[in-house]
Amino acid sequence: MSVTQILFWFLSVLAVISAINVVISKNAVFSVIWLIITFFSISGHYILLNAQFLAVVNIIVYAGAIMVLFLFVIMLMNLGKEVEPQKNKWLRLAGVIAGGCMLLVLVSALKDAETANQIAQVKEGDIGLINRLGVALFNDYVVPFEISSVLFLSAMVGAIVIGKKD
């Protein structure tokens, strides 16, 4: 086994275990922390696939911004056992049946998928590299990129004008 395979299996097991802990965790704060660990393990998979830009964006946007926002909202809501409504057994049974149906559909959809000939490029190619993205962005898509920057600038000015008190 190579180092890449060992890292892949470690990150896969970590992602599956932390995703299961997101669902079964009783405390919402711990659930968010497990979700952050899941995002980091998925970013590790992106790095193994030679897509460094996606890995960095995943860490910054999802694990950084959105999960911190979720954590603050959960902490500010101050949910406890007395505030949370209790779910009856029929609702839980319906959730288990719906999840089982979803698993059945997923297994039947992936049953005939042929993955033996589809091997990901690891350690070669320049598809996910940041310099390739920069070349494409500033050569082929320079006009839409500049238009979007002007739109963002006008949105910031508009937000300042609306938020300014007279």
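Residues numbered from 1 in each chain as written. Predicted model: local features only at pLDDT ≥ 70, side-chain atom pairs only at ≥ 80, totals over all residues. Heavy atoms only, no water.

S.K.: What is the right way to look at the overall build of the chain in this model?
M.R.: What the chain contains, in helices and strands, is 6 helices and 0 strands. The secondary structure elements of the chain, listed N-terminal to C-terminal, are α-α-α-α-α-α. Considering the chain as a whole, with its 166 residues, one finds that 13% of them fall into the buried category. Put simply, of all contacts in the chain between residues at least 6 apart along the chain, 57% involve residues at least 24 apart. Carbon together with sulfur atoms contributes 73% to the accessible area of the chain, which is approximately 13500 Å² in total. (Helix = DSSP H or I, 4+ residues; strand = E, 2+ residues; numbered from the N terminus. Buried < 20%, exposed > 50% of the residue type's maximum accessible area, 1.4 Å probe, protein only. Contact = heavy atoms within 4.5 Å. Areas by Shrake-Rupley, 256 points an atom, 1.4 Å probe, with all protein chains shown as cover.)

S.K.: How should I be thinking about the packing of aromatic side chains in this particular structure?
M.R.: Aromatic ring pairs are defined here through the distance separating the ring centres and the angle between the ring planes. Taken as a whole and judged by the stated rule, the model has 3 aromatic pairs. Ring geometry for Phe138 versus Phe145: centroids 5.0 Å apart, planes at 80°, classification edge-to-face. Take Phe138: its relative accessible area is 45%, and that puts it in the partly exposed class. A relative accessible area of 29% places Phe145 in the partly exposed class. (Phe/Tyr/Trp six-rings, centres within 6.5 Å; stacked < 30°, edge-to-face > 60°.)

S.K.: I keep staring at unusual backbone geometry and nothing clicks. Help me out?
M.R.: Keep in mind that most residues, glycine aside, have a negative phi and that most peptide bonds are trans. The backbone of Asn50 shows a phi angle near 65°, a positive value even though the residue is not glycine. Among the structural elements, Asn50 can be located in the loop between α2 (28-48) and α3 (52-77).

S.K.: How should the side chain of Ser43 be read in this particular structure?
M.R.: Note on placement: Ser43 falls in helix α2. The exposure class assigned to Ser43 is buried, which follows from its relative accessible area of 1%. The residues touching Ser43, leaving out its near neighbours within four places in the chain, are Ala55, Asn58 and Ile59.

S.K.: Before we go on, may I ask you to explain helix α4 (residues 89-110) in this structure?
M.R.: Because each turn of an α-helix spans 3.6 residues, side chains separated by three or four positions in sequence point in the same direction. Here α4 is 22 residues long and its end C-alpha atoms lie 32 Å apart, about the 32 Å a rise of 1.5 Å per residue gives. For α4, a buried count of 0 out of 22 residues is recorded, marking the element as mostly open to its surroundings. (Expected span 1.5 Å × (residues − 1).)

S.K.: Quick question: what am I supposed to make of α2 here?
M.R.: In this model α2 runs 31 Å from its N-terminal to its C-terminal C-alpha over 21 residues, within 8% of the 30 Å that 1.5 Å per residue would give. All of the buried residues along α2 are Ser31, Val32, Thr38, Phe39, Ser41, Ser43, Gly44, His45 and Leu48. Buried residues along α2 sit in contact with α1 (3-24) and α3. The backbone nitrogen of Val29 has a side-chain oxygen 3.3 Å away, supplied by the residue at the start of α2, namely Asn27. Positive phi appears at Asn50, one or two residues downstream of α2, with a value of about 65°. (Polar contact = N/O pair within 3.5 Å; in protein donor to acceptor, adjacent residues only side chain to side chain.)

S.K.: So what exactly am I meant to see when it comes to the packing of α1 against α2 here?
M.R.: Packed helix pairs are characterised by how far apart their axes lie and by the angle those axes make with each other. It is the contact of α1 with α2, at a shortest axis distance of 8 Å, that shows an interaxial angle of 155°. If you check the angle between α1 and α2, you find them roughly antiparallel. The chirality of how α1 crosses α2 is left-handed. Across from Thr4, Leu7, Phe8, Leu11, Ser12, Leu14, Ala15, Ser18, Ala19, Asn21 and Val22 in α1, the residues of α2 making contact are Ser31, Trp34, Leu35, Ile37, Thr38, Ser41, Gly44, His45 and Leu48. Split into classes, the residues belonging to the contact of α1 with α2 amount to 11 nonpolar, 9 polar and no charged. (Axes fitted to C-alpha atoms, helices over the stretch in contact; angles between N-to-C directions. Parallel < 35°, antiparallel > 145°, perpendicular 65-115°, else oblique. Left-handed = near helix turned anticlockwise from the far one by under 90°. Nonpolar A, V, L, I, M, F, W, Y, C, P; charged D, E, K, R; others polar.)

S.K.: Before we go on, may I ask you to explain a nonpolar patch on the surface in this structure?
M.R.: Residues Phe53, Leu54, Val56, Val57, Ile60, Val61, Tyr62, Ile130 and Leu133 make up a contiguous nonpolar surface patch of about 730 Å² in total accessible area. Among the secondary structure elements, those contributing two or more residues to the nonpolar patch are α3 and α5 (130-139). With respect to the helices, strands and loops of the structure, Tyr62 is situated in helix α3. The exposure class of Tyr62 is partly exposed, given its relative accessible area of 39%. (Patch = residues over 30% accessible without salt bridge, like charges linked within 9 Å, V, L, I, M, F, W, Y side chains within 5 Å. Salt bridge = Lys/Arg side-chain N within 4 Å of Asp/Glu carboxyl O.)

S.K.: Hey, could you run me through the side chain of Ser18 in this one?
M.R.: If you trace the backbone, Ser18 turns up in helix α1. Setting aside residues up to four positions removed in sequence, Ser18 forms contacts with Trp34, Ile37 and Thr38.

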